[in-house]
Amino acid sequence: MVDKKIFTDSGIEIKTIYTQDDLAQAPPHPERSRRTGGDDSLPGSFPFTRGVQPDMYRGKLWTMRQYAGFSTAEESNRRYHYLLSQGVNGLSVAFDLPTQIGYDSDHPLADGEVGKVGVAIDSLEDMEILFKGIKLDEITTSMTINASGFILLAFYIALAKKQGADLKKISGTIQNDILKEYAARGTYIYPPKASMRIITDIFEWCAAEVPKWNTISISGYHIREAGSTAVQEIAFTLSNGKAYVQAALQKGLDINVFGKRLSFFFNAHNNLFEEVAKFRAARRMWAVMMKDLGATDPKAMMLRFHTQTGGSTLTAQQPYNNISRVTLQTLAAVLGGTQSLHTNGYDEALSLPTEEAAAIALRTQQIVAFESGAADTVDPLAGSYFIETLTSEVESAAWKLIEKIDAMGGSVSAIEQGFIQDEIAKSAYEYQRQIEHGEKIIVGVNKFQTEEKNTIPVFKVDEEVQTVQVEKLKALKQKRDNNKVAASLKTLHQKAVSTENLMPAVLEAVENYCTLGEIADELRKVFGEYK
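Presented here is a report on the structure given in the accompanying data block. (Residues numbered from 1 in each chain as written. Predicted model: local features only at pLDDT ≥ 70, side-chain atom pairs only at ≥ 80, totals over all residues. Heavy atoms only, no water.)

### Comments concerning the overall build of the chain
A tally of regular secondary structure across the chain gives 21 helices and 10 strands. Compactness check: the chain gives a C-alpha radius of gyration of 23 Å against a globular reference of 24 Å for 531 residues, within 12% of the reference. Across its three principal axes, the chain shows a C-alpha extent of roughly 80 × 60 × 45 Å. The 531 residues of the chain split such that 57% are buried. Sequence-distant contacts, at least 24 apart, represent 78% of the contacts inside the chain between residues at least 6 apart. Of the roughly 21600 Å² of accessible surface on the chain, a fraction of 52% belongs to carbon and sulfur atoms. The positive charge centre, built from 57 side chains, and the negative charge centre, built from 67, are 3 Å apart in the chain. (Helix = DSSP H or I, 4+ residues; strand = E, 2+ residues; numbered from the N terminus. Rg over C-alpha atoms; globule rule 2.2 N^0.38 Å. Buried < 20%, exposed > 50% of the residue type's maximum accessible area, 1.4 Å probe, protein only. Contact = heavy atoms within 4.5 Å. Areas by Shrake-Rupley, 256 points an atom, 1.4 Å probe, with all protein chains shown as cover. Lys, Arg positive; Asp, Glu negative; His and termini not counted. Charge placed at Lys NZ, Arg CZ, Asp CG, Glu CD.)

### Some points on empty space enclosed by the protein
Taken as a whole and judged by the stated rule, the model has 5 cavities of 30 Å³ or more. Forming the walls of the largest cavity are 14 residues, and the residues nearest its centre are Met56, Val334, Leu335, Gly337 and Asp379. Residues of the lining of the largest cavity, tallied by class, amount to 7 nonpolar, 4 polar and 3 charged. The space that makes up the second largest cavity amounts to roughly 60 Å³. (1 Å grid on protein atoms, 1.4 Å probe; cavity = no way out; pocket = protein on both sides within 12 Å on 5 of 7 lines; lining within 4 Å. Points joined across faces, edges and corners; volume = space filled by probe spheres on them. Nonpolar A, V, L, I, M, F, W, Y, C, P; charged D, E, K, R; others polar.)

### Some words on the packing of helix 7 (residues 192-209) against helix 20 (residues 503-511)
Running from amino to carboxyl end, helix 7 crosses helix 20 at an angle of 80°, the nearest separation of the two axes being 9 Å. With respect to helix 20, the axis of helix 7 lies roughly perpendicular. Residue-level contacts link Asp201, Ile202 and Trp205 of helix 7 to Met503, Pro504 and Leu507 of helix 20. Residue composition of the contact of helix 7 with helix 20, grouped by class: 5 nonpolar, no polar and 1 charged. (Axes fitted to C-alpha atoms, helices over the stretch in contact; angles between N-to-C directions. Parallel < 35°, antiparallel > 145°, perpendicular 65-115°, else oblique.)

### Concerning the packing of helix 5 (residues 149-162) against helix 7
At a closest axis distance of 11 Å, the pairing of helix 5 and helix 7 adopts a crossing angle of 25°. Taken together, the axes of helix 5 and helix 7 are roughly parallel relative to one another. Two secondary-structure elements touch here, helix 5 through Phe150, Leu153 and Ile157 and helix 7 through Ile198, Ile202, Trp205 and Cys206. Classifying every residue of the contact of helix 5 with helix 7 gives 7 nonpolar, no polar and no charged.

### As for the nonpolar core
In this structure, Met127, Phe131, Met143 and Phe150 are the most contacted members of the largest nonpolar core, which totals 142 residues. Among the elements that line this core, the one with the most residues is helix 11 (residues 272-292), at 12 residues. Apart from the residues lying within four places of it in its own chain, the contact partners of Phe150 are Tyr190, Ile198, Ile202, Met503, Val506, Ile519 and Leu523. (Core = buried A, V, L, I, M, F, W, Y, C linked by side-chain atoms within 4.5 Å.)

### Remarks on unusual backbone geometry
Look at the link from Phe46 to Pro47: it is a cis peptide, with omega at 5°. Looking at the element boundaries, Pro47 is found in the loop between helix 1 (20-25) and strand 3 (63-68). A positive phi angle, close to 45°, is found at Asp379, a residue other than glycine. Within the secondary structure, Asp379 is located in the loop between helix 14 (355-370) and helix 15 (385-407). The buried category is assigned to Asp379, whose relative accessible area is 7%.

### Remarks on the packing of aromatic side chains
For the structure shown, the criterion picks out 19 aromatic pairs. Relative to Tyr530, the ring of Tyr182 has its centre 4.7 Å away and its plane inclined at 65°; by these criteria the two rings are edge-to-face. Taken together, the residues span a long stretch of sequence, with Tyr182 in helix 6 (residues 179-185) and Tyr530 in the segment after helix 21 (516-527) at a distance of 348 residues. When the centroid spacing of 5.0 Å and the interplanar angle of 20° are considered together, the rings of Phe279 and Phe305 count as stacked. With Phe279 in helix 11 and Phe305 in strand 9 (residues 305-309), this pair connects stretches of sequence that are 26 residues apart. (Phe/Tyr/Trp six-rings, centres within 6.5 Å; stacked < 30°, edge-to-face > 60°.)

Here you go:
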């Protein structure tokens, strides 16, 4: 009988059986040198292969987040109160497309998109409604926002100040990762150089004003959603991370200070073992990379990450199967040592998640946490011949890609040359080709199909949302002090043409109720737009 060859989506061959010999022959990682037999480092110690905390989930479980945001701030606020009542301990905010690309809800290009894929936030007034009845110093908030992330952060900080919160205790994350937008997602505003300046201004300002805030969540999630493999996901993400660190170093910032506030955002897919190996390899690689860039504080070398289960793995066919997929992906994230986790609703291939689907997704995390035993010991798959070998193979393949990017001059250059985009496109094409030729089985899609009638209720956003939002904007512009607005925007313009930090001027503008679109447009006048 001929033993058929099996490969992961990254092209790594999976052997029939693994032994001690495979560990000895696994590609060496930079910190293992000539040692064989896997990584014998301890959790909480460099290079953090086994986790960033010595006791991991025995000390504190991962933060259970549910990503939510739709329609108006009022509607989203109701969902947040529901999620908090169900045991969520961190909120994750989705914004609509106009908010993501710096347009107010009354902009012609916002027409038809207001409140659709996330909540519409045009001003500090909307942020006040979004978090009504929620104390910002008692929760952590993750905001999936990039090009306009600095404005949303200013809204959040302005609201915290109004609540009387101690800014030194405010914690959360803005995604703020513009490089993956150019490569994989597309919600950019300004050219790369201006974007990198805004990001390093955020690093510098937050270090002084909101020291517990994670100033960037360097995202592999969207790279994977665009069709990359697991190896490409960590290679491209860590390369982008390196570019942000180098930009901050050029600005004269201390790597041991801003390095502690960098976090990552990864995808969890269905191949349980490759995903666990990916998370372990990424931690080890980042520790080595940061050490090479000059970090000496172990906390500045730790790769801390949020995970979201794979949206692109969810199927519209037999949607209840997605509960099983999300459970496997949750297990991969937990066995891989995530710091926080969002689980997708089973209906997300059909619509925004209903309240019922969001509740099942949260219960999936809670069952893994409290019933599965996966959280009882640190890095439970460590020492497995298979996992240790696969971790090294994933890492070795990712370093090879990073070396190619470095040879091109780094991530910004590789994106400008189209290299990263082309690599993702090739992988996405190959994945789809395998499905269409039956080489890869997707249950309910290309095998085990059934005649289906869709009886699952879908979540619909009311078309009146846009009208409501535009009316709110009109009323705001009539009641605010428009002299203060004009003065704030003039100051912002002056700071943008200088080399001064932009964040104080942005904060002043939002406190005077300048809108998101007005602030973004003022900077468009200075920086231009990326085409």
